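Observations on the three-dimensional arrangement
Take a look at the letters that make up each chain.
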Amino acid sequence: MNKIWHRIVAVVAAAALCSCARSSIPPDTVRLRLSGSPTTLDPALIVDVTSGRIAAKLFNGLVKLDEMGKIVPDLATDWDVSQDGRTYTFRIRSGVHFSNGRELTARDIEYSFKRLLSPEVASPRGWILSHVVGAREFSDGKSGSVAGISVKDAHTVAITLDSPFAPFPYLLTMPNAAIVPEEEVKKWGADFGFHPAGTGPFVLANWEQDVRLVLTSNDGYFGRVPHVKHLEYRIIPEDLTAIVEFENGNLDVLEIPSAEIPYYLANDRWKPFILSRTGLNIYYLGFNCQQEPFRDVRVRRAVSYAIDTRKIAATVLEKRVEPATGPIPPGLIEEPALTTGYDYDRERAVRLLNESGLAKGFRTKLFLNTGREELSVCEAIHSYLRDVEIEAELVPLEWSAFKKAVASGEAPLFYLSWWADYPEPENFLFPTFHSSNWGAAGNRARFGSTEIDHAIEDAQRTLDDTERWRKYRETEKMVVDEAPWVFLWHRKEFVLHRPRVEGLKLFPIYSADKGTEILLNP
Amino acid sequence: MRAYVIKRMLLAIPTLCGVTLVTFLLMKSIPGDPVLGMVGERADPHVIAQMRQNLGLDKPFAVQYLRYISLLCRGELGRSHYTNRPVAESIATKFPNTLKLAGAAVAIAVVVGLTLGILAAVSRGTVLDTFCTLTASLGIATPVFWLALLLVMLFSYVLGWLPASGMGSGAPAFLVLPALSLGTRSAAYLARITRSSMLEVMTQDFLRTARAKGLGEWTVTLKHAARNALIPVVTLAGLDFGSYLNGSVLTETIFGWNGIGRFAMEAILKRDYPVILGTVLIGAVAFIVVNLLVDISYAFIDPRIRGMRR
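Residues numbered from 1 in each chain as written. Chains lettered and ligands numbered in written order. Predicted model: local features only at pLDDT ≥ 70, side-chain atom pairs only at ≥ 80, totals over all residues.

On a plain count of helices and strands, chain B comes out with 15 helices and zero strands. Viewed in the frame of its principal axes, chain B has a C-alpha envelope of about 85 × 55 × 35 Å. Scored against the burial criterion, the 310 residues of chain B give a buried share of 43%. Restricting the contact set of chain B to residue pairs at least 6 apart, pairs at least 24 apart contribute 73%. (Helix = DSSP H or I, 4+ residues; strand = E, 2+ residues; numbered from the N terminus. Buried ≥ 20, exposed ≤ 12 C-beta atoms within 10 Å, placed from the backbone. Contact = placed C-beta atoms within 7 Å.)

Taken together, the contact pairs 41 residues of chain A with 48 residues of chain B. Mapped onto the side of chain A that touches chain B, the elements with two or more residues apiece are β10 (230–235), α7 (239–247) and α13 (399–407) of chain A. When residues of the side of chain A that touches chain B are assigned to their parent elements, the largest contribution, six residues, is made by α13(A).

Turning our attention to the packing of helix α6 (residues 127–141) of chain B against helix α8 (residues 173–201) of chain B. All names here are of chain B. One can describe the packing of α6 onto α8 by two numbers: an axis separation of 8 Å at closest approach and a directional angle of 140°. Comparing the axis directions of α6 and α8 gives the class oblique. Between α6 and α8 lies a crossing whose hand is left-handed. Residues C132, A136, G139 and I140 of α6 form the contact with α8, whose participating residues are T184, R185, A187, A188, Y189, A191 and R192. Grouping the amino acids of the contact of α6 with α8 by side-chain chemistry returns seven nonpolar, two polar and two charged. (Axes fitted to C-alpha atoms, helices over the stretch in contact; angles between N-to-C directions. Parallel < 35°, antiparallel > 145°, perpendicular 65-115°, else oblique. Left-handed = near helix turned anticlockwise from the far one by under 90°. Nonpolar A, V, L, I, M, F, W, Y, C, P; charged D, E, K, R; others polar.)

Turning next to helix α15 (residues 450–461) of chain A. All names here are of chain A. Along its 12 residues, α15 runs 17 Å from first to last C-alpha, staying within 8% of the 16 Å computed at 1.5 Å per residue. Those residues of α15 that sit buried are I452, A455, I456, A459 and Q460. When α15 is viewed along its axis, its buried side chains cluster within an angular range of 135° and face the same direction. What points out from α15, more than 90 degrees from its buried face, is the exposed set T450, E451 and H454. Buried-residue contacts for α15 involve α14 (430–433) and α16 (465–482). (Expected span 1.5 Å × (residues − 1). Arc of directions from axis to C-beta.)

Attention now moves to the sheet that holds strand β7 (residues 156–160) of chain A. All names here are of chain A. Here we have four strands laid out as an open sheet, ordered β4-β5-β7-β6, and antiparallel in their pairing. Both edges of this open sheet fall to β4 (76–81) and β6 (149–153), since each of them pairs with a single strand only. Each strand axis lies, on average, 20° off the axis of its neighbour in the sheet, ignoring direction. Sheet contacts for helix α3 (residues 106–117): β5 (87–92), β6 and β7; angle to β6, the most-contacted strand, approximately 170°. (Pairing = 2+ DSSP bridges.)

Let's shift gears to the nonpolar core. Side chains of nonpolar character tend, in soluble globular proteins, to be buried together. Residues B:V39 and B:L190 are the most contacted members of the largest nonpolar core, which totals 164 residues. Sorting elements by how many residues they give to this core places helix α5 (residues 87–122) of chain B first, with 16 residues. Among the nonpolar cores identified, the runner-up in size contains 63 residues, and A:L366, A:Y384, A:F402 and A:F428 belong to it. (Core = buried A, V, L, I, M, F, W, Y, C linked by C-beta atoms within 7 Å.)

Moving on: helix α4 (residues 61–73) of chain B. With 13 residues, α4(B) should reach 18 Å at 1.5 Å per residue; the first-to-last C-alpha distance of 18 Å fits that figure. Count one or two residues on from α4(B) and you reach B:G75, which has phi positive near 80°.

It is worth spelling out the confidence of the model for chain B at this point. Mean pLDDT over chain B stands at 89; residues scoring 70 or higher make up 98%. Two summary scores accompany this predicted model of the complex, namely pTM at 0.91 and ipTM at 0.88. (pLDDT = per-residue confidence, 0-100.)

If you want it as structure tokens, here you go:
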């Protein structure tokens, strides 16, 4: 009797223990994956993509981006730009409420923007509003107000810039320019980032740090109410585990890890459910243009000619990227590129090195972040450089040490990428090549050219889109000619979804995705 | 015994002070700048300077260290530079998860390790001994992360028996794979130690006396021999438990287990100093407590030790 009883207990225990690897599918929840937890959901403090992606669904700004990357109204119904291009007058939508129930007014815009510039908050993204009259004085603590932000009435706010700046509306689409309620910020203080209160299509229902976030649709949303009730983001750091969870049916949407892209593209079952687009980014080999021998533009051009980027893109990266000819990603502007970049030409590379007095080659160091893909790419680059007598010692560093080495100018050569904060070509020219932005501000190559500086500034002041794009292309050509970088490629993103998910779209920028398009098949 | 415990607790204080100082020194000497990671890819120099000032990172090393000590004296662990969450609050959430995983892993290690070790010892020179020894060697040679991924593929993907990640609101099924992958290596070491220790004990005269008194072989082995072989086993199990309480980065990362290990590792990569200090401190306390418990257990395993301590 005892033996039978023990066996029964064992079987029941095993059954209780072994819950199925495939959990039940919630009918009103889209389940997504994040590889890491958001840092904060306080718009003023967001710097990472993960936090920005979530915040985009909880908050609104004056304007937003559509799926083509064009500026469209958000909290503002419309706006005027003054004749001199300096003053933007926004008319604010009526009947918009924060998640705490209070109606939004123009005062909230003023508060949110002042908060972004406040020295107490010390937002890393205060530069978004740096062109606003009085912004610098306010940020430096020399003034108690921002002269360029003026509330006309409960639903009108005017923002005056110190000079015409065409990309300004695009900066307002960034998550950091989202509008927040003052009373909630004061109530939660330093913890506001964990208790976000916005006007967005979703509200934060639950956040288990490093485990999951659940967003619930805001039925009182002023815009298109989401089709789905919940978005559940599960924090799954390991790629293989995420794939197993997707295959087991526990995830609905998965950004395909790089190593698995060839598998899924060749998989007949999943291929129809893959969305792909070339991202707004540029991967590059940066030179420290203030260090020898890279002060010499001939040496930089020689290195550019010495590397067969198309071959690396096709073999090492298995066509997960699109080869680049310059810094501006494809599809960002209609104006065609004026440059074809540097095609692989070993003889020309050798000739340029001879002209610069480096016929015998030279030794240098190539800094990179530790990572399997980075190492594979840089080993290929090392091989090409060795072929022209350039011995580039690979220096893999973990991320924090790598950033410091690059920002401080220690690295003579480095492998890095630049991703768009907003879909405007200026974002790929000003922070990266203007001489005022050396180091951590974006111009990590420490490149400087008065001519290019003026060209960038001129384009920034040009309000006519077609004219401005033409100037961007001309500036791009000048930059490519100076070769402060080897322009490698633009990375593509591949997103896989289960058949029950419909309406999923890939937006040009993560901050454009409000989550209102996605819906579930019953 | 009470006096012994109190003495050990008092000795822990200078130990913990030493731990904070060494950790602080190490943190400040490794390359990397926490502020650069916090400001993103584009930041004005004056914002970086302001942030450094707000966080007190522009102060001399001694000032920063004393500030941290005064924070500890107030019972606080500071706030994360990145998330601004109180470190104590985060640790309070994550440590029980790590404790659960560590406990389950050590339980598996002890049960499997002792079984294999005793079997190997009593069947010395036989096929069973060879099997147990080879199994233990395989366990020692298998990397934890590789085993973890293999378990996920087999039990979650292929067989669909167990979940691949998460903690599932405490359901036992979510604990199985992480505990197995973490406990396997420990089980292998314990098996080897147990075998050696048992072989040494089994040659002693008191076991011959026990057999002469008519006790069965398994009674002699389990009740008499095994108990006398336990000291090195308990030592090793205690060391492993203490180590697991400091967090198992690979296991927690692969299984998405919300524990101290992953938390600490991410903090190290980001140079999030308050979190690094907090997790190291908690880890040191855990190790001190576990070592004390192991030392106390010796007195119960071998009463002669209790007499020596008097």
